[in-house]
Amino acid sequence: MPAVLIHGVPDTHRLWDAVRRNLSRQDVQAWDLPGFGAPLADGFGATKEEYVDWLIQRLESIGEPVDLVGHDWGCILTARVASLRPDLVKTWAGGNGPINGGYHWHALAEIWQDPDQGRQFMADSTPASLTELVAGFDIPAELAAETASRVDEVMKDCILKLYRSAVTVGAEWEPGLANVQAPSVVFWGALDPACQIEFGHRLGESLRAADVVELDCNHWTVLQKPAEVAALLEAHWSN
């Protein structure tokens, strides 16, 4: 069965490039979410539920359970998939995407969730300002610029719609984590100011995860510690 890697916001499948270079297995797929490098189907509203449904449909088409991995929103969405459709997921791994009723959204998320402030933020955003935003999470300037360069108007709109749909996602989706059957591991940037490490441990508890791996980095573990992330994934899959 393949491994399927799902990115977060504001990313595309390119987030996983360095991790994939450090993996020994060849059956690894990194998908673009609709609006994040992949086209939008007519009528797709970019809500959290629609992204979960899209993932379920694509996973069903594979025909066998997969090793599912997610970062940031990819973590949140794939954990939801694993809770709704345990038959599609052989193992699960994810990080820096809190799913807990006690989590309080970070300041930028609250701006995106406000219709007026969110629209103004995106209207004012430029490649330079987005590069500065990403670099503020301790991402090297070149990688931050690459990430920012992929943020187009479609992605901006999808980000706003996703976050507006997710004001209470922790309270809504946390109880369902008890239904996850796949062996799970959580990896988390311990220095993440937006998604604090305590919520990595809470996610691990909710999933009965085999381990919660604290990485000495900020939010973007996949960019900052690709070799370490690859190693922990391969250890998880082999077990």
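For the structure itself, look to the data block above.
In this report, the structure presented in the accompanying data block is examined. Computed from a prediction, not measured in an experiment: that's the story for all the values here.

## Concerning the sheet that holds strand β1 (residues 3–6)
For step 1, the next point in the chain: Read across the open sheet, the six strands follow the order β2-β1-β3-β4-β5-β6; overall the sheet is parallel. Both edges of this open sheet fall to β2 (28–31) and β6 (211–215), since each of them pairs with a single strand only. Strand-to-strand twist across the sheet, computed as the mean angle between neighbouring axes with direction ignored, equals 20°.
For step 2, the next point in the chain: Pairing of β1 with β2, which is carried by four bridges, proceeds in the parallel orientation. Each residue of the ladder has a partner; that of V4, found in β2, is Q29.
For step 3, the next point in the chain: The sheet contacts of helix α3 (residues 73–84) involve β1, β3 (66–71) and β4 (89–95), and relative to β3 the element is tilted by about 145°.
For step 4, the next point in the chain: Those strands touched by helix α10 (residues 197–207) are β4, β5 (184–189) and β6, and its axis lies near 175° from that of β5.

## Focus: helix α6 (residues 127–135)
For step 1, the next point in the chain: Inspection of α6 places L130, T131 and V134 among the buried residues, and these make up the whole buried set. Projected down its long axis, α6 carries its buried residues within an arc of 105°, all on one side. For α6, exposure combined with an orientation more than 90 degrees from the buried face picks out A128 and E132.
For step 2, the next point in the chain: Summarising the contacts, the buried residues of α6 are in contact with α7 (141–149).

## Structural notes on unusual backbone geometry
Excluding glycine, most residues fall at negative phi; most peptide bonds, likewise, are trans.
For step 1, the next point in the chain: Between V9 and the following residue, P10, the backbone shows a cis peptide bond with an omega angle of 0°.
For step 2, the next point in the chain: Residues other than glycine seldom take positive phi values, yet D138 does so here, at roughly 65°.
For step 3, the next point in the chain: Counting through the fold element by element, D138 comes out in the loop between α6 and α7.

Conventions adopted
Residues numbered from 1 in each chain as written. Predicted model: local features only at pLDDT ≥ 70, side-chain atom pairs only at ≥ 80, totals over all residues. Heavy atoms only, no water. Pairing = 2+ DSSP bridges. Helix = DSSP H or I, 4+ residues; strand = E, 2+ residues; numbered from the N terminus. Axes fitted to C-alpha atoms, helices over the stretch in contact; angles between N-to-C directions. Contact = heavy atoms within 4.5 Å. Buried < 20%, exposed > 50% of the residue type's maximum accessible area, 1.4 Å probe, protein only. Arc of directions from axis to C-beta.

Fair warning: the whole summary comes from geometry, so function is off the table for now.
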